[in-house]
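# Structural overview
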Amino acid sequence: MYLYRTLIRNVMNRFLPAITILFLNLHWIQAQNYYTGMDVNNAEYRVSNSGVLFNDPVQRKGVYYVPKALNTSLIYAAAFWFGATDVNGQLKLAGMRYGESGSDFKPGPYSTSDYGNAYGSAIWRVTSADIDAHIQSWGTSGYVIPSSILNWPGNGDTDLGVAEKLAPFQDLNQNNIYEPELGDYPLIKGCEAIYMILNDYTTHTETQGELIRIEVHYMFYQYLADNALNNTTFMDVTVYNRSNILWEDFKIGLFADNDLGNSADDYAGCDTTKNVFYTYNADNFDEANSGIPGFDENPPAVGFLSLNQKASSYISYQSSFPESLPTTATGMWNGLNGLWSDGSPILDNHGNPTHFMYHESPLDSNSYSEVAMANPPYDVKSLTTFDATLLPGGKHEISFAILYNRSSNALQNVADLLLVADSVQQWYDTGIEGCTVELLGVEEVQSSATFTASPNPATENVTIRFEYPVKGDLIISSINGNAVLKLPIDSKEMTIATNELSEGVYFIDVEAAQSTYNKTKLVIVHK
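Residues numbered from 1 in each chain as written. Predicted model: local features only at pLDDT ≥ 70, side-chain atom pairs only at ≥ 80, totals over all residues. Heavy atoms only, no water.

## Side note on the overall build of the protein
Counting its secondary structure elements, the protein contains 7 helices and 31 strands. Residues classed as buried in the protein amount to 54% of the 527 residues present. Nonlocal contacts in the protein, meaning residues at least 24 apart in sequence, comprise 66% of its contacts between residues at least 6 apart. When the accessible surface of the protein is split by element, carbon and sulfur atoms take 51% of a total near 22700 Å². (Helix = DSSP H or I, 4+ residues; strand = E, 2+ residues; numbered from the N terminus. Buried < 20%, exposed > 50% of the residue type's maximum accessible area, 1.4 Å probe, protein only. Contact = heavy atoms within 4.5 Å. Areas by Shrake-Rupley, 256 points an atom, 1.4 Å probe, with all protein chains shown as cover.)

## Description of the state of the cysteines
Counting across every chain of the model gives 1 disulfide. Across the disulfide from Cys191 sits Cys435; the S-S distance is 1.8 Å. Every disulfide takes its handedness from the sign of the S-S torsion; for Cys191 and Cys435 that torsion is 95°, giving right-handed. Taken together, the positions of Cys191 in the loop between strand 11 (185–186) and strand 12 (192–199) and Cys435 in the loop between helix 6 (410–430) and strand 25 (436–437) put the pair 244 residues apart, joining distant regions of the chain. For Cys191, a relative accessible area of 7% gives the class buried. (Disulfide = S-S within 2.5 Å.)

## Here's the deal with the pattern of salt bridges
Across all of its chains, the model carries 9 salt bridges by this definition. For Arg46, the salt bridge identified is with Asp56, shortest N-O distance 3.2 Å. Highlighted residues: Arg46 in strand 2 (residues 44–48) and Asp56 in strand 3 (residues 55–56), separated in sequence by 10 residues. On the basis of relative accessibility, which here comes to 6%, the residue Asp56 falls in the buried class. (Salt bridge = Lys/Arg side-chain N within 4 Å of Asp/Glu carboxyl O.)

## Quick word on the sheet that holds strand 2
Strand order across the open sheet formed by 3 strands is 1-2-5, with antiparallel pairing between neighbours. Two strands lie at the open edges of the sheet, namely strand 1 (35–38) and strand 5 (64–65), each paired on one side alone. In this sheet, strand 2 lies alongside strand 1 in antiparallel orientation, the contact comprising 4 bridges. Each residue of the ladder has a partner; that of Thr36, found in strand 2, is Val47. (Pairing = 2+ DSSP bridges.)

## Some words on the environment of Arg97
Assignment of secondary structure puts Arg97 in the loop between strand 7 (91–95) and strand 8 (106–107). By relative accessible area, which is 4% here, Arg97 ends up buried. Once the C-alpha coordinates of Arg97 and Pro326 are considered, the two residues, 229 residues apart in sequence, prove to be 9.4 Å apart.

The following block contains the structure:
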């Protein structure tokens, strides 16, 4: 009898955690795959509490439109991968690709207890207009608190094993309790925010990875503006460590399947100095493909800008193993470490190991770019990784902006996308408040102090492009600082003949009344 009880106890100790997780899964499955979207400004998108973003799995299409009236998607799907190894080198990993095999996440905050559907879809939406009205009216007789404010998940139910504090809120009496009836209100960004909470205490059916015991908070938001912000979506991702383990090598990966209309004719690239990771069309015409509309002539560029942290690697996956998108936890962990799926190093155009693929400008014919390498166009699937240390009970937050530009031809759109990145980074660093942002010309936008010059090196002429019209003087100086050409400018673009200037290195500068621009180097060669 003793041996029988021991055997039963050992079996239960081994399988009870899995049985518990399976039991909990039965309670949240009804809330899984809830979708919501946003189209406050010129961008429209949808997100799912499965952890797959910007995708419609039923119609098998992407849902990230800019402009939203066009209904041609820039992104097919995006998701996050999280991984770490414990002191014994055991891999722990949770992540999503397309949800083909279910999900590594379930909706709601982390708990080892069964709280059923207490947190519903675990997606909350609130507008700045409702918050402003609440601030003004909460003490007024007859005022009814909107459900979006009343149901904001400021506090977790600790009786259910959930953390005491969840979503951010203004705590007027500083008692750490969310009390909207006493004037407390959600703290959001932009005109409207979608707040979503997921956790990985579930069977990892997408990756088969082992539990990390994390809780992930997402905030998606947009601003109204008459500039690049009107085409931009922001995304804050905060990872909470709900375990008692110190994760010293924690990795956060942004997986993005960017499809610019036709998915089969794209290129990838990155600018590590600006923290931008982008996709652009391989030629200047994006045709329809398999019923998915293209962007036609002068297709846009799209990119993810990391606003508050440098990436540790960037990979653009190819079609054949080991360079293809990984489907196992081990392969995904290798990707999070800047390696191919089998752990082999990624080599640049000179055969040297690199962690950042195609990190040079596609406008430079001698660069490490897909254009210069004449790669066959393909369906871009990329992974951008960020390193973190997660203390027990600690958190790590990364903020992103999803950028769009369609101002010229396919290649120039990449250069101009980087100008948009400069402006958006400037807005972020300065601090954006409220819902509507006024035009950044004059004092605000021109403080970003950037422009592009192409082609560079130039032979017969060079075109200077700004994100917004500039009024002032454009000056080309020799390497010794002597001005050799000074021209008035009152536009967004200017082409200058260079065939009368001697070969050599020059500097382009712009003098404008309310701005100081960084100088740009120009190389002139004559064939």
